[in-house]
Amino acid sequence: MTIRALGDPFSAQTDLRHGAGCACTGCRATPQSLPASPEAMIERAVESAIVRSMFGHSDVSRRSFMGMLGGGTMAAALASVLPLDQAKAAVLESLGPLEKTDLAIGFVPITCATPIIMAEPMGFYSRYGLNVSVIKTAGWAVARDKSLSGEYDASHMLTPMPLAMTMGAGSTAQPFIMPAVENINGQAIVLSNEHLDKRDPAQWKGLTFGVPFEYSMHNFLLRYYVAEHGLDPDQDIQIRVVPPPDMVANLRAGNLDGFLSPDPFNQRAVWEGIGFIHLLTKELWEGHPCCAFAAPARFATEMPNTYGALLRAIIDATQYASDPSNRTEIAAAIAPANYLNQPVPVIEQVLTGTFADGLGEVRQVPDRIDFDPFPWQSMGVWILTQMKRWGYIEGDVDYRGIAEQVYLAADARTVMQDLGYEAPAENYRTHDIMGKTFDPADPEGYLSSFAIGRGA
Amino acid sequence: MTSTWSDNRRAALLSVLILAVALLAWEMAIPAQQLATEMTEYERLMGGGSARAGIPAPSEVAVKAWEQLSNPFYDAGPNDKGIGIQIAYSLGRVLTGYGMAAIIAIPLGFLIGMSPVAYKALNPFIQVLRPISPLAWMPLALFIIQDSEASAIFVIFICSIWPMLLNTAFGVSGVRQDWVNVARTHELGSLRTALTVILPAAAPTIITGMRISIGIAWLVIVAAEMLVGGTGIGYYVWNEWNNLDLASVIFSILLIGVTGMLLDSVFAVLQRRLTYAE
């Protein structure tokens, strides 16, 4: 059988009319390498079919065009008009043997990391043939550096981090991918008990707030919230980067008046009798993304089978965590010293959503934190608008291009469907944030609609 | 003789007495926490049934110490290991970085000490690099070395090299010129002069430098491990701080002190031997 059309369609050297093992002079001079696995062959066939159809199946004009422009440019240009990733997810339908089974995955000890952590004691990694060490990391900067250096195969990150790292904002540029969101919601604004009377943000002038990292939803949501109340986050309040475990102690010492931080530290402040929950972030943006599962892009390309297995384990664990009836069991599994190192009742209050708010009420908010792996590319676009709004990035931003390069919605969809879960059919949607609609089709228009900002 | 003996005894007695009074005062100063028994759901969720984080009484620290020391080598996964294992990791890092520093600093110090030109040429660099806080090197190290373990060791290396280098140079340059001249009249080669004349004469100063360096290295490792995490006594402190568990924090502080004292006393013994040899 001759195998046609499996040469690289983006190369001017290959001749797609000739099959593998063709003995003509042109083919012998540049032997075609066949894709190594059946999955790669299917991918190649999809690409090839699209490219050939563009040139009316005239291989001569295709080759002269590729020679002129360069195949890489063409591949990139094509990807920007055609949703190639829809047709061709990097994650494979069926997995071959794992290239590597011993993996190191970093996490910062907060409840946002729940799926990544619980997958270890509850056996989700081993279910997919992986032997994973989850390594506790002191802070986001260290998680970033250890991911950049390759010490971690994959890591728990904040959803803005892989975008920032890919663009080289605040670090060297290295392409990172984020095929799954970990948690949605799950943060809160906590104020010190001294400020019980300051429930209106307009009274917050001069206060100092903590956020865990610059490139975090915490930072962007806090800035958004105070700006909507007429305060300039860079002028009227002070925002400090404080590692999560230090937040409670700083609140007690009066160094911070409040913080927008990950749990369990919001609940821990209440548990220690130091602060109260002013607002859950889900009240700002219902279903906002928070933390994510991210890896260097090369992890997916160099070890596709391992990447596929790991993503399946993570999405499986995330779905398990989204079921409220499993939350008590999960709280007990992740509280010990090896993972979060926190009192079980604190974790339980966060995960079950039945919690004391520090104001005298027991509140019932079952989706105070929820778990949904689908990385909406529109969320990526929103994050980029805020990075530009506050001057973390400048100039023309290719919002969609970056969001699609980093937030691998197609991969998540493939795996979710594979595991029998429902997945959204679209990659973009509008979001409602504090009563204002964000339309991902017009990021610049959205950006210029704000009165307060830096980089508009 | 008898009077010194009784002096020592009186001093020891006094030490014990100070310790007892301090511990007792500390114990009394910590109010016992009233744990509610009949609670509404709100009180239970506010942590009414368990102790709030606070400064623990010495008895609580003692209980924690007993717990940790009675099983120092347990291994419950990559983030939860016994205190013995943590100390071993820290000591391993300190001794590796310190060893590398010694290998470079002592010969280099010899060179600088024997050649006034080399001393003057290198001195500006040393003076600029020496006062840099070791942790300031950490981000640069992580970026360039791309390995957190090696970065921690590098930080130990870079902070422990200077006292050894300067003290060696100082000791070598301070050797009495007469002795070197005597060696020269005996037609000893420069290497033999260095080993048989200068080294013994400069040894006490060199050991002093090494003693200062090991002290600094042990000071730095805790902070470095808090930053890069993973293992070690610094990571242990950070992990317990995460949980606002001050009894564990105090226990580990005491342990860090004791280990540092033992490291120092090794060099104190060495120093005494070498001084007597002269």
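Residues numbered from 1 in each chain as written. Chains lettered and ligands numbered in written order. Predicted model: local features only at pLDDT ≥ 70, side-chain atom pairs only at ≥ 80, totals over all residues. Heavy atoms only, no water.

An unreviewed UniProt entry lists chain B under the name Nitrate ABC transporter permease, from Paracoccus liaowanqingii. Looking at the Sequence similarities (unreviewed entry) heading of the UniProt record, one finds this comment for chain B: "Belongs to the binding-protein-dependent transport system permease family." Regarding chain B, the UniProt comment filed under Function (unreviewed entry) reads as follows: "Probably part of an ABC transporter complex. Probably responsible for the translocation of the substrate across the membrane." (UniProt positions renumbered as here; feature names shortened; annotations may be inferred.)

The name given to chain A in an unreviewed UniProt entry is ABC transporter substrate-binding protein, with the source organism recorded as Paracoccus liaowanqingii. For the record of chain A, the UniProt heading Subcellular location (unreviewed entry) holds the text "Endomembrane system". Checking UniProt for chain A, the heading Sequence similarities (unreviewed entry) contains the comment "Belongs to the CmpA/NrtA family."

1. Considerations on the overall build of chain B
Summing up its helical and strand segments, chain B has 11 helices and zero strands in all. Mapped from its N terminus to its C terminus, chain B presents α and β elements in the order α-α-α-α-α-α-α-α-α-α-α. Since a compact globule built from 278 residues should have a radius of gyration of about 19 Å, the 25 Å found for chain B marks it as more spread out than a globular shape. By its C-alpha atoms, chain B is 90 × 60 × 30 Å across when sized along the principal axes. By the burial criterion, 42% of the 278 residues in chain B qualify as buried. When contacts within chain B are restricted to residue pairs at least 6 apart in sequence, those whose partners lie at least 24 apart make up 69%. When the accessible area of chain B is evaluated, it comes to approximately 15,500 Å², of which 70% is carbon and sulfur surface. Distance between charge centres in chain B, computed from 15 positive and 18 negative side chains, equals 15 Å. (Helix = DSSP H or I, 4+ residues; strand = E, 2+ residues; numbered from the N terminus. Rg over C-alpha atoms; globule rule 2.2 N^0.38 Å. Buried < 20%, exposed > 50% of the residue type's maximum accessible area, 1.4 Å probe, protein only. Contact = heavy atoms within 4.5 Å. Areas by Shrake-Rupley, 256 points an atom, 1.4 Å probe, with all protein chains shown as cover. Lys, Arg positive; Asp, Glu negative; His and termini not counted. Charge placed at Lys NZ, Arg CZ, Asp CG, Glu CD.)

2. Re the confidence of the model for chain B
Residue and element names in this part refer to chain B. With 93% of its residues at a pLDDT of at least 70, chain B reaches an overall mean of 84. Confidence, expressed as mean pLDDT per element, reaches its minimum in chain B at helix H8 (residues 177-185) with 74 and its maximum at helix H4 (residues 83-114) with 91. Scoring the predicted complex yields pTM 0.78 and, for the interface, ipTM 0.75. (pLDDT = per-residue confidence, 0-100.)

3. Notes on the pattern of salt bridges
Opposite charge on two side chains permits pairing when their charged atoms draw close. Residue and element names in this part refer to chain A. The full count for this structure, using the stated rule, is 21 salt bridges over all chains. Of the charged contacts in the structure, one is a salt bridge between Arg368 and Asp263, with a shortest N-O distance of 2.9 Å. Within this pair, whereas Arg368 is found in the loop between strand S13 (362-364) and strand S14 (369-371), its partner Asp263 is found in the loop between strand S9 (258-262) and helix H12 (265-271), the two being separated by 105 residues in sequence. Given the relative accessible area of 1%, Arg368 is considered buried. Across the salt bridge formed by Glu286 and Lys282, the nearest N and O atoms sit 3.2 Å from each other. Relative accessible area serves as the criterion here: at 46%, Glu286 is assigned to the partly exposed category. Among the charged side chains, a salt-bridge network with shared partners connects Lys282, Glu286 and Asp367. (Salt bridge = Lys/Arg side-chain N within 4 Å of Asp/Glu carboxyl O.)

4. Here we look at the packing of aromatic side chains
The full count for this structure, using the stated rule, is 17 aromatic pairs over all chains. Relative to Phe267 of chain B, the ring of Tyr98 of chain B has its centre 6.1 Å away and its plane inclined at 75 degrees; by these criteria the two rings are edge-to-face. Note that Tyr98 of chain B is positioned in helix H4 and Phe267 of chain B in helix H11 (residues 246-277), a separation of 169 residues in sequence. The same class applies to Tyr98 of chain B as to Phe267 of chain B, namely buried. A centroid spacing of 6.2 Å and a plane angle of 85 degrees characterise the contact between Trp137 of chain B and Phe154 of chain B, whose relative ring orientation is edge-to-face. One end of the pair, Trp137 of chain B, is in the loop between helix H5 (116-129) and helix H6 (138-145); the other, Phe154 of chain B, is in helix H7 (residues 148-173), with 17 residues separating them in the sequence. Grouped by ring-pair contacts, the aromatic residues Tyr224, Trp285, Trp382, Phe438, Tyr446 and Phe450 of chain A constitute a single cluster. It is Arg389 of chain A that lies over the ring of Phe450 of chain A; its NZ or CZ is 3.7 Å from the centre. (Phe/Tyr/Trp six-rings, centres within 6.5 Å; stacked < 30°, edge-to-face > 60°. Lys NZ or Arg CZ within 6 Å of the ring centre and 35° of its normal.)

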